[in-house]
Amino acid sequence: MRLKLVPEKTSFDFFSNWKLWMGVSSLLLVLSLVSFFAQGLNFGIDFRGGTTVRTESTMAVDVGIYRKAIEPMQLGDISITEVFDPTFEADQHVAMIRIQAQADGEAISGETIEALRATLDGVAPGIKFVSVESVGPKVSGELVQTAVLAVVLAIGAVLVYIWLRFEWQFALGAVAALVHDVLLTIGVFAAVQIKFDLAIIAALLTIVGYSLNDTVVVFDRVRENLRKFKKLSLGEVLNLSINQTLSRTVMTSVTTLIALIALYVLGGDVIRGFVFAMIWGVIVGTYSSVFVASTILLKLGVKRDWSKQANTTGNQFANIDA
Amino acid sequence: MLQIDLWKRVLIWLVCVTGLLLALPNAFYTRVEQANDASIEIIAKGETPERLEIVEQWPSWMPSSLVNLGLDLRGGAHLLAEVKVADVYVARMDSMWPEVRDVLRPERATVGTFRRQPGPDDQIRLKISKPEGMSRALELVRGLANPVTSLTGAGATDIEASAEGDILTIQLSDAEKLASDDRTVRQSLEIVRRRIDEVGTREPTIQRQGIDRILIQVPGIGSASELKKIIGTTAQLTFSPVVGRGSDADANPGVGNKIVPSLDEPGVYYTIEAAPVVTGEELTDAQPAFDQNGRPAVSFRFNISGARRFGDYTAENIGSPFAIVLDDEVVSAPVIQSHIPGGSGIITGNFTIEESTNLAVLLRAGALPAGLEFLEERTIGPELGQDSIDAGKIATIVAFVGVLVFMVLSYGLFGIFANIALILNIALIFGMLSLIGGTLTLPGIAGIVLTVGMAVDANVLVFERIREELKSGRGPARAIEEGYSKALSAILDANVTTFITAVILFAMGSGPVRGFAITLGLGIMTSVFTAIFVTRVIIIMWFERRRPKTIEV
């Protein structure tokens, strides 16, 4: 007996409640923006400059004692957090120490790190610095710029691609879904205050890719059905297409989620934030390709006069395949 | 109909087998790595029985390229350095000053007396006592200019001289500054590379980034500060005329001179001319040696132009002291006894043997033309890297098994076909990574895991199509064929868009982000290949053998 997540034949009406879904999306977007502007993102040193030290000792971490030991060094703003992870050994106690960027343009001096190590060795003998990462203020600003540019470029590039392969209405729908996904992901990061660093940008771009993947598969079917069923209204075609691809959408999301959840649970704390972003992105991306991208396509409408397709610029690249 | 030409089938399987072969060394990572290291050592240092034995751990006819492990997996140090290119402008002006002096001196009648004025370090400001002679002075100074040797600066000269009242200003032209910056960074890059090579760590990455930056990644090194020590030691050697000697560090040295401390006599300061006679850049060789009293010293040899200037200077200045300056400290200031024509000499000082050896190495590797400012430093300990590898391995295996089981449960036999393709897919990713020398990073592992999830997507698209075709009453052969052809456009569109983001990530990202982009991009290519070709060949081979009347997907 086969495992079937979605019944053989479905005929859900995805647009009967479109106002509700748009409302939900808008509400989430507003919440994202509010939490973004109210709390801001918990930027890692990549974007803020500064130093993070990952310490490891066989003794339990006492954040208060660490802080008291470091404070006299006058390194400015420091934050110390203990890291817990199921993959750690019993006598493995890990803490992350973050120090603000120091005054000059350089990253950090070796002496400062040595002094810090000596100081902490006093309160936690045998402490090891398993990683030290330091980004000078000069670079961090540039990293923010390139990161934002990368996301904008990626969205712009796919906008053009879909416009060439489909029509501009499709491109707008897909890009609206993308922006929606990216904003919601940023919103979650602001709300939960997970560290936002360079790797998260990679995750964001992957979400862009994934969400698009989903949207494109649905749109591809819409394009096909629009030619096949000339009598059906756009809404009916959209519903039919989404129902036809629903099984695939769910299958792919589930396999991807299986893989990502394994990585989230077992992959160690170093990439957990990164994987979290992707899991969230897969869920939001799947939702948005059905409810956001398609609804926008429905509202924009598509030219149905396929007999004159040679004159349109919108789909001249649509027949390259197969 | 359901046919693929024989040569196409052979080609597809050939690609798969090649991929597997290329990926195979990674399954025996440590052994292959040791064998590779040993064979490099044999070339460099000759054969020994132990080395030969290690080399034979891995058959030589097998591919032996490995996936590079990124710093986050292997541990090591990462530095991003900015070359302070403006340092060179100052040095250029300092060395220009004697030349300017020499051309103006004979023309005292027209320009009067002249003095260097204090001003920005990258300019020479000259006050002349007869402003009416300014045009003649400008003419003379401009005669010192050389054409800029660069593509963009064609037609420009390297210095600009301008006059304002009785002040003559000389500075580098913009074209020359650009050309000089480029040379400075390239030279720094080369010197950093040589210094790291001298220490002998393996596979360092030393790249230029942007206009004036150098990215240095060295796996296996203990910390970024250790790395900084190796590359940051400037060893700027100069041979300069001595103006005076005293004990006051804050005395006014006079324009064009500077005060530097003595290396081994505390409290002694020398006033030397800022413009050296010869610099360490003109050294061709430096070796640890011993002086006539048997104490450690460093012998050196200049290139032709250095030797000539050194010879001329010693001939003209017999009896005057002469300072050997290392990193702005006077190593020794011997009095010139006689003309030294051959361009070779010896530096003595209170060295230990180790110090003299190190100094020789540093001198040979050359001085950094400008200072380095470290903008980004990262040290990742090897334990953390090992932890990450272990966690990543377990996660990948679990993810993999989860997806494999799920596919079989959902699609039965076809699920098994997809799984074979999936396994091949991972092997192909590793094979390609090894082939192009790509770097596997922690986010890269995430990229592979994501590919595992998404690679099935293409198969799912096809299988779902086949299901639909079967439902609408087509026969098995027709359904399979239609399934593949109809799913193709969705597969391509979906993967091209993801590929676009991978390319952008690669272009814009650095370090781990780039590692992620590489595995994601390769993963897309291999998963399209396996979905479109490999599963199809498998299904067709199965179909031809069984000729089933009905199929269940």
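This structure is a prediction, so every number in the text was calculated from the model and none was measured.

## A short note on the sheet that holds strand 17 (residues 344-348) of chain B
All names here are of chain B. Strand order in the open sheet made by the three strands is 13-14-17, with antiparallel pairing throughout. Of all strands in the sheet, those with a lone pairing partner are strand 13 (283-290) and strand 17, marking the two edges. Strand-to-strand twist of the sheet, defined as the mean angle between neighbouring strand axes without regard to direction, takes the value 25 degrees. Both strand 13 and strand 14 (residues 296-302) contribute to a ladder of seven bridges, which runs antiparallel. Its bridge partner lying in strand 14, Gln287 is registered against Ser299.

## Focus: the sheet that holds strand 4 (residues 123-128) of chain B
All names here are of chain B. Judged by pairing direction, the sheet is antiparallel, and its four strands sit side by side in the order 3-4-6-5 without closing on themselves. Here the strands that pair on one side only, and so sit at the sheet edges, are strand 3 (114-117) and strand 5 (159-164). Ignoring strand direction, the axes of neighbouring strands in this sheet form an average angle of 25 degrees. As paired elements, strand 3 and strand 4 share four bridges and run antiparallel to each other. Looking at the pairing, Arg115 lines up with Lys127 of strand 4. Docked against the sheet, helix 5 (residues 86-104) engages strand 3, strand 4, strand 5 and strand 6 (167-172), running at close to 30 degrees with respect to strand 4. Strand contacts of helix 7 (residues 134-142): strand 4, strand 5 and strand 6, with the helix running at about 170 degrees to strand 5, the strand carrying the most contacts.

## Here we look at the packing of helix 7 (residues 198-228) of chain A against helix 16 (residues 512-546) of chain B
Put simply, helix 7 of chain A and helix 16 of chain B touch, their axes get as near as 9 Å, and they point 25 degrees apart. Classified by the interaxial angle, the pair formed by helix 7 of chain A and helix 16 of chain B is roughly parallel. As for how helix 7 of chain A packs across helix 16 of chain B, the hand of that crossing is right-handed. Each of Leu198, Ala199, Ala202 and Thr206 of chain A in helix 7 of chain A lies in contact with helix 16 of chain B, whose residues at this interface are Val513, Phe516 and Leu520 of chain B. Of the residues assigned to the contact of helix 7 of chain A with helix 16 of chain B, the class counts are six nonpolar, one polar and no charged.

## What to know about the nonpolar core
Counting residues in each nonpolar core, the largest one holds 156 residues, and the members touching the most others are Ile162, Phe170 and Phe274 of chain A together with Met407, Phe414, Phe463 and Ile466 of chain B. If we ignore the near neighbours within four places in the chain, the residues touching Phe414 of chain B are Phe463, Ile466, Ile480, Ile539, Trp542, Ile551, Glu552 and Val553 of chain B. Within the second largest apolar cluster, 46 residues are counted, among which are Ile170, Ile214, Leu227 and Ile231 of chain B.

## Things to note about the interface of chain B and chain A
Across the boundary between the two partners, chain B contributes 69 residues, which contact 74 residues of chain A. Counting each side, the surface lost to burial between chain B and chain A is near 6100 Å², with a carbon and sulfur contribution of 63%. Three residues, Phe406, Asp493 and Met508 of chain B, lead the burial of chain B against chain A; their summed loss comes to 10% of the area buried on that side. Our count for the contact surface shared by chain B and chain A stands at eleven salt bridges. Taking the shortest distance from any N to any O, the salt bridge between Glu142 of chain A and Arg213 of chain B comes out at 2.7 Å. Here chain B and chain A share 18 residue pairs in polar contact (both at pLDDT 80 or more) between them. The set of elements that each furnish at least two residues to the side of chain B that touches chain A consists of strand 2 (76-83), helix 9 (224-232), strand 18 (372-380), helix 12 (382-411), helix 14 (442-471), helix 15 (476-508) and helix 16 of chain B. Taken together, the residues of the side of chain B that touches chain A break down into 38 nonpolar, 13 polar and 18 charged.

## Let's talk about the packing of aromatic side chains
Two measures describe an aromatic ring pair: the distance that separates the ring centres and the angle between the ring planes. Counted under the stated rule, the structure contains 31 aromatic pairs over all chains. Pairwise contacts between aromatic rings join Phe239, Phe300, Phe302, Phe310, Tyr313 and Phe322 of chain B into one cluster. The ring of Trp18 of chain A is capped by Lys299 of chain A, whose NZ or CZ atom sits 3.8 Å from the centre of that ring. Above the plane of the ring of Phe506 of chain B lies Arg514 of chain B, whose end atom (NZ or CZ) is 4.4 Å from the centre.

## A short note on empty space enclosed by the protein
Throughout the structure, instances matching the rule amount to five cavities of 30 Å³ or more. Approximately 110 Å³ is the volume found for the largest cavity. Lining the largest cavity are 13 residues, and of these Met454, Ala455, Asn495, Ile524 and Ser527 of chain B lie nearest its centre. Contributing elements (two or more residues each) for the lining of the largest cavity: helix 14, helix 15 and helix 16 of chain B. Within the lining of the largest cavity, the residues separate by chemical class into six nonpolar, six polar and one charged. Within this model, the second largest cavity holds a volume of roughly 90 Å³. In this structure, the second largest cavity is lined by 13 residues; those nearest its centre are Val217, Arg221 and Thr245 of chain A together with Leu461 and Arg465 of chain B. For the lining of the second largest cavity, the secondary structure elements donating two or more residues are helix 7 and helix 8 (234-266) of chain A together with helix 14 and helix 15 of chain B. At four residues, the largest contribution of residues to the lining of the second largest cavity is made by helix 14 of chain B. Along the lines of polarity and charge, the residues of the lining of the second largest cavity split into four nonpolar, two polar and seven charged.

Criteria and cut-off values
- Residues numbered from 1 in each chain as written.
- Chains lettered and ligands numbered in written order.
- Predicted model: local features only at pLDDT ≥ 70, side-chain atom pairs only at ≥ 80, totals over all residues.
- Heavy atoms only, no water.
- Pairing = 2+ DSSP bridges.
- Helix = DSSP H or I, 4+ residues; strand = E, 2+ residues; numbered from the N terminus.
- Axes fitted to C-alpha atoms, helices over the stretch in contact; angles between N-to-C directions.
- Contact = heavy atoms within 4.5 Å.
- Parallel < 35°, antiparallel > 145°, perpendicular 65-115°, else oblique.
- Left-handed = near helix turned anticlockwise from the far one by under 90°.
- Nonpolar A, V, L, I, M, F, W, Y, C, P; charged D, E, K, R; others polar.
- Core = buried A, V, L, I, M, F, W, Y, C linked by side-chain atoms within 4.5 Å.
- Buried < 20%, exposed > 50% of the residue type's maximum accessible area, 1.4 Å probe, protein only.
- Buried area = accessible area lost by both parts, 1.4 Å probe.
- Salt bridge = Lys/Arg side-chain N within 4 Å of Asp/Glu carboxyl O.
- Polar contact = N/O pair within 3.5 Å; in protein donor to acceptor, adjacent residues only side chain to side chain.
- Phe/Tyr/Trp six-rings, centres within 6.5 Å; stacked < 30°, edge-to-face > 60°.
- Lys NZ or Arg CZ within 6 Å of the ring centre and 35° of its normal.
- 1 Å grid on protein atoms, 1.4 Å probe; cavity = no way out; pocket = protein on both sides within 12 Å on 5 of 7 lines; lining within 4 Å.
- Points joined across faces, edges and corners; volume = space filled by probe spheres on them.

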